[in-house]
Amino acid sequence: MTTQHPRIPTSTYRVQFNRQFTFAQAREIVPYLNALGISDCYASPYFQARAESLHGYDITDHNKLNAAIGSRAEYDAWIADLHAHGMGQIVDFVPNHMGIGEPLNQWWMDVLENGPNSLYAPYFDIQWKPLKSDLQDKVLLPILGDQYGRVLERGELQVHFDAGAFFLRYYDHEFPIAPGTYRHILELALEKLAPFKGEDFYAEFQSIITALEYLPRRTETNPERIAERMREKEIIKRRLERRCQDAPQVQAAVAQAVTQINGTLGEPRSFDALDLLLNDQSYRLAFWRVAAEEINYRRFFDVNDLAAIRMELPEVFDATHRLLLELIGAGAVTGVRVDHPDGLYLPKEYFEKLQRRCAAALGISLPEDGRAIYLLVEKILSGNETLPKDWPIHGTTGYEFGKLVAGLLVDASSEQAITKTFQRFIGHSMHFGHLVYAKKRLVMRQSVANDVNVLGDMLDRLSEKNRWFRDFTLEALARAVRETIACFPVYRTYITPRSEEHTSEL
């Protein structure tokens with residue numbers, strides 16, 4: 001299919017991919033869509049997500065297709081059929097967050113294992129020095145169904161051992177155990193190996209424990225020492241796996257140590273060792289209800305298992321767009337719909353960079369208007385707000401148009417009667433603006449309390465640097481932040497470090 005760039009669709013059809021609707025099934029309906037007059041398929045995210053995901057927005061790897069939807073061969077066959085009918089494809093891309101609910105996200109697992117010195121720690125928007133000092137250099141994981149102590153002593157947190165590595169399991173959740181903390185378990189195993197002190201495997205097992213002591217600390221800042229730690233910890237895992245394979249006595253001792261550290265129901269003190277092990281990790285498991293006030297990574301709204309990524313960093317952009325740009329260059333993707341651009345730190349810069357990279361992938365010069373590919377954004381506009389005119393995009397996904405169309409089905413002459421009925425039902429009347437104000441404050445108090453507290457703390461640090469403003473208290477400044485947000489007329493502004501201009505028209 002020859003394509004003029006950018007290809008502008010005349011009509012689109014949304015295809016929701018998941019394990020129940022695959023690439024092979026999408027291929028079957030291509031002739032039908034073509035007969036309907038559809039020019040382009042608009043595909044939901046089909047990059048690697050949870051196998052059970054029905055929507056695809058919880059991406060765990062931007063550079064793999066979702067195996068639950070189909071293989072690359074099945075994908076290519078679908079694209080070939082689209083091209084055979086002269087049709088294009090717009091893909092829904094998620095640049096501002098990733099799903100972290102299961103081990104498929106290798107970046108997040110590496111962060112949990114290695115803390116702030118993980119190679120991927122900068123990729124996520126994590127406060128390693130949060131307001132709550134007990135969380136310093138830790139990630140709060142509010143996934144428990146009850147208070148931590150109760151969950152622990154009910155035996156719901158269980159250490160497991162496989163292929164030379166230890167990990168923690170909580171129902172369907174799995175978390176890595178930092179290699180530097182394996183000593184909590186291996187020293188118990190060493191005690192059980194005491195009858196075999198004269199054996200070679202005993203000395204080798206001691207050597208493994210000694211090697212753990214010489215691993216660079218997780219708080220290390222020297223890049224060379226961090227690289228050494230990343231290398232040596234994997235060597236230790238392989239050594240431990242080989243020793244367990246070669247000596248059944250070691251395998252049995254490790255299994256007994258795991259059983260011991262997992263505690264015994266009805267004996268609270270038996271869980272002390274597991275508690276010490278978990279406190280030594282770079283994450284802190286917590287009751288899900290504490291998320292709003294204490295969570296220290298930025299999320300997609302208040303969804304705990306969708307963590308924000310720092311797309312403004314060149315390495316993050318490069319690491320998340322390889323497959324997308326490959327598909328664009330091959331002509332498989334002819335348009336992009338960007339999910340929730342207001343979750344990006346610098347949306348304009350992101351769109352500009354994406355268009356430049358798309359032009360390079362297509363082997364064309366960037367057009368004068370900066371739009372190499374058809375690009376839409378999911379932007380909710382409030383009132384008279386308009387899109388920033390300097391964004392190199394083609395428009396929004398059409399919520400505002402949908403609102404106008406829905407309005408055709410509403411009889412405006414009945415507004416007064418409906419309003420009176422509603423007021424009788426609730427027993428009072430309230431100005432809509434006052435209701436919005438009250439609910440914004442409710443959301444800030446119940447869902448994103450910590451985010452607001454962080455802004456208040458940032459404002460306090462700024463005020464302390466100026467003698468005119470340093471006497472404003474932290475609480476007063478936090479209250480000012482809350483009131484500003486509650487009264488703000490739009491969802492977000494686009495002030496950048498290089499300009500104070502608000503590019504969105506109110």
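Structural notes, computed from the coordinates. None of these values were measured; they are calculated from a predicted model.

Here's the deal with the overall build of the protein chain
For the protein chain, the helix and strand inventory stands at 19 helices and 16 strands. Taking the principal axes of its C-alpha atoms as reference, the protein chain extends roughly 90 × 65 × 50 Å. Evaluated residue by residue, the protein chain yields a buried proportion of 45% over its 506 residues. Here the contacts in the protein chain between residues at least 6 apart in sequence split such that 69% fall between residues at least 24 apart. Element-wise, carbon and sulfur atoms account for 53% of the exposed surface of the protein chain, whose accessible area totals about 26400 Å². Seen as two clouds, the 57 positive and the 68 negative side-chain charges of the protein chain have centres 3 Å apart.

A word on the packing of helix 6 (residues 183-192) against helix 7 (residues 200-213)
For the pair helix 6 and helix 7, interaxial distance at closest approach is 10 Å and the crossing angle is 155°. With respect to helix 7, the element helix 6 is oriented roughly antiparallel. Viewed along their axes, helix 6 and helix 7 form a crossing whose handedness is left-handed. Every residue of helix 7 that contacts helix 6 at Arg 183, Leu 186, Glu 187, Ala 189 and Leu 190 is listed here: Tyr 202, Phe 205, Gln 206, Ile 208, Ile 209 and Leu 212. Within the contact of helix 6 with helix 7, the residues separate by chemical class into eight nonpolar, one polar and two charged.

Things to note about the pairing of strand 2 (residues 40-43)
Residues Asp 40 and Tyr 42 point to one face of strand 2 and Cys 41 and Ala 43 to the other, with burial holding for every one of them. Strand direction decides the pairing type here: strand 1 (residues 12-15) and strand 2, joined by four bridges, are parallel. Of the residues in strand 2, the one forming a bridge with Thr 12 is Asp 40.

Thoughts on the nonpolar core
Ranked by internal contacts, the top residues of the largest apolar core, which has 114 residues, are Tyr 46, Trp 78, Trp 108, Phe 124 and Phe 166. Not counting the four nearest positions on each side in its chain, Trp 108 is found in contact with Ile 100, Phe 124, Ile 126, Val 139, Leu 141, Tyr 297 and Ala 307. Membership of the second largest hydrophobic core comes to five residues, among which are Met 444, Val 448, Val 452 and Ala 486.

Focus on the pattern of salt bridges
Enumeration according to the criterion identifies 37 salt bridges in this entry. In this structure, Asp 125 engages Arg 298 in a salt bridge whose closest nitrogen and oxygen atoms are separated by 2.7 Å. Residue Asp 125 is located in the loop between helix 4 (106-114) and strand 7 (139-144), and its partner Arg 298 is located in the loop between helix 11 (291-294) and strand 12 (299-300); the two are separated by 173 residues in the primary sequence. Close ionic contact of Lys 379 with Glu 385 constitutes a salt bridge, the shortest N to O distance being 3.6 Å.

Regarding a nonpolar patch on the surface
Residues Phe 401, Val 405, Leu 408, Leu 409 and Val 410 make up a contiguous nonpolar surface patch of about 600 Å² in total accessible area. With respect to the secondary-structure elements, Leu 408 resides in the loop between helix 15 (399-407) and helix 16 (415-426). Relative accessible area serves as the criterion here: at 71%, Leu 408 is assigned to the exposed category.

Focus: the sheet that holds strand 8 (residues 158-162)
In spatial order, the strands read 8-9-10; together these three strands make up an open sheet with antiparallel pairing. Each end of this open sheet is capped by a strand with a single partner; those strands are strand 8 and strand 10 (173-176). Direction aside, the axes of adjacent strands within the sheet are offset by 35° on average. Along the sheet, helix 9 (residues 248-261) makes contact with strand 8 and strand 9 (165-170), crossing strand 8 at roughly 165°.

Some words on the packing of aromatic side chains
The relative placement of two aromatic rings is captured by the distance of their centres and the angle of their planes. Summed over the entire model, instances satisfying the criterion amount to 30 aromatic pairs. Residues Phe 301 and Tyr 491 carry aromatic rings whose centres are separated by 6.4 Å and whose planes lie at 50° to one another, so their mutual orientation is tilted. In this pair, Phe 301 sits in the loop between strand 12 and strand 13 (303-308) while Tyr 491 sits in the segment after helix 19 (474-487), placing the two residues 190 residues apart along the sequence. A relative accessible area of 45% means that Tyr 491 is categorised as partly exposed. On the numbers, 5.0 Å between centres and 80° between planes, the contact of Trp 391 with Tyr 494 is edge-to-face. Placement of Trp 391 in the loop between strand 15 (374-377) and strand 16 (395-396) and of Tyr 494 in the segment after helix 19 is noted, with a sequence separation of 103 residues between them. An identical accessibility class is assigned to Trp 391 and Tyr 494; each is buried. An aromatic cluster of at least three residues, connected via ring pairs, comprises Phe 17, Phe 21, Phe 23, Tyr 46, Phe 47, Tyr 75, Trp 78 and Phe 93. Arg 14 extends its terminal NZ or CZ atom over the ring of Tyr 42, reaching a point 4.9 Å from the ring centre.

Overview of the sheet that holds strand 12
One open sheet accounts for three strands, arranged 6-13-12; its pairing is antiparallel. Strands with a single pairing partner mark the edges of an open sheet, and in this sheet they are strand 6 (97-99) and strand 12. Pairing of strand 6 with strand 13 involves three bridges; the strand directions are antiparallel. The residue bridging His 97 from the neighbouring strand is Ala 308, located in strand 13.

A short note on unusual backbone geometry
Here Ala 163, not a glycine, exhibits a phi torsion of approximately 55°, which is positive. One can find Ala 163 in the loop between strand 8 and strand 9. Ala 163 gets classed as partly exposed once you look at its relative accessible area, which sits at 47%. Residue His 340 is not a glycine yet carries a positive backbone phi of 45°. Among the secondary structure elements, His 340 is positioned in the loop between strand 14 (335-338) and helix 14 (347-362). By relative accessible area, His 340 is classed as buried at 11%.

Comments concerning the environment of Ala 438
For Ala 438, the location among the structural elements is in helix 17 (residues 432-446). Once the C-alpha coordinates of Ala 438 and Cys 487 are considered, the two residues, 49 residues apart in sequence, prove to be 9.9 Å apart.

Let's talk about the state of the cysteines
Counted under the stated rule, the structure contains zero disulfides. Here Cys 41 is not cross-linked by a disulfide; its sulfur's nearest cysteine counterpart is in Cys 358, at 19 Å. On the basis of relative accessible area, Cys 358 is assigned to the buried category, the value being 0%.

Some details on the environment of Phe 488
On the secondary structure map, Phe 488 appears in the segment after helix 19. Overall, Phe 488 belongs to the partly exposed group, its relative accessible area being 30%.

The rules behind the values
Residues numbered from 1 in each chain as written. Predicted model: local features only at pLDDT ≥ 70, side-chain atom pairs only at ≥ 80, totals over all residues. Heavy atoms only, no water. Helix = DSSP H or I, 4+ residues; strand = E, 2+ residues; numbered from the N terminus. Buried < 20%, exposed > 50% of the residue type's maximum accessible area, 1.4 Å probe, protein only. Contact = heavy atoms within 4.5 Å. Areas by Shrake-Rupley, 256 points an atom, 1.4 Å probe, with all protein chains shown as cover. Lys, Arg positive; Asp, Glu negative; His and termini not counted. Charge placed at Lys NZ, Arg CZ, Asp CG, Glu CD. Axes fitted to C-alpha atoms, helices over the stretch in contact; angles between N-to-C directions. Parallel < 35°, antiparallel > 145°, perpendicular 65-115°, else oblique. Left-handed = near helix turned anticlockwise from the far one by under 90°. Nonpolar A, V, L, I, M, F, W, Y, C, P; charged D, E, K, R; others polar. Pairing = 2+ DSSP bridges. Core = buried A, V, L, I, M, F, W, Y, C linked by side-chain atoms within 4.5 Å. Salt bridge = Lys/Arg side-chain N within 4 Å of Asp/Glu carboxyl O. Patch = residues over 30% accessible without salt bridge, like charges linked within 9 Å, V, L, I, M, F, W, Y side chains within 5 Å. Phe/Tyr/Trp six-rings, centres within 6.5 Å; stacked < 30°, edge-to-face > 60°. Lys NZ or Arg CZ within 6 Å of the ring centre and 35° of its normal. Disulfide = S-S within 2.5 Å.

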